[in-house]
Amino acid sequence: DGNELDNKIIAVPLDESKRIINCSSYEELSLRYPSIMSIIKIWFTSYKGDDVVEFKGWGDKTSAMSEINNYLIEIN
């Protein structure tokens, strides 16, 4: 995307009965389902082609909320 930082947010349904896995935070996901974290990373670094996307790391709920708030400020 023009070599700009393009953060992604992974979210889970608030309603626990609608979740495919029992997880409600990044920390819980990384501890209980490390393979899912690997699959997500592979997908994000591969969906535009080889060596197009650089993975910078994972954030947490606080960084996700900051991204969302920044976006809301930007569009208003």
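Summary of the structure given here. (Residues numbered from 1 in each chain as written. Predicted model: local features only at pLDDT ≥ 70, side-chain atom pairs only at ≥ 80, totals over all residues. Heavy atoms only, no water.)

Below, the discussion takes up the overall build of the chain. Summing up its helical and strand segments, the chain has three helices and zero strands in all. Secondary structure elements of the chain, listed N to C terminal, follow the sequence α-α-α. Along the first, second and third principal axes, the C-alpha atoms of the chain reach 40 × 35 × 20 Å. Going through the 76 residues of the chain one by one, you find that 7% of them count as buried. The contacts in the chain between residues at least 6 apart in sequence include a share of 36% that link residues at least 24 apart. Of the roughly 6,600 Å² of accessible surface on the chain, a fraction of 54% belongs to carbon and sulfur atoms. Taken as two groups, the 8 positive and 13 negative side-chain charges of the chain have centres that lie 6 Å from each other. (Helix = DSSP H or I, 4+ residues; strand = E, 2+ residues; numbered from the N terminus. Buried < 20%, exposed > 50% of the residue type's maximum accessible area, 1.4 Å probe, protein only. Contact = heavy atoms within 4.5 Å. Areas by Shrake-Rupley, 256 points an atom, 1.4 Å probe, with all protein chains shown as cover. Lys, Arg positive; Asp, Glu negative; His and termini not counted. Charge placed at Lys NZ, Arg CZ, Asp CG, Glu CD.)

Time to look at the pattern of salt bridges. Where side chains of opposite charge bring their charged atoms close, a pairing between them can arise. Scanning the model with the defined rule gives three salt bridges in all. Between Lys-8 and Asp-6 there is a salt bridge; the shortest N-O distance is 2.8 Å. For Arg-32, the salt bridge goes to Glu-28, with nearest N and O atoms at 3.1 Å. In this pair, Arg-32 and Glu-28 both sit in helix 1 (residues 26–32), four residues apart, roughly one turn of the helix. A relative accessible area of 44% places Arg-32 in the partly exposed class. (Salt bridge = Lys/Arg side-chain N within 4 Å of Asp/Glu carboxyl O.)

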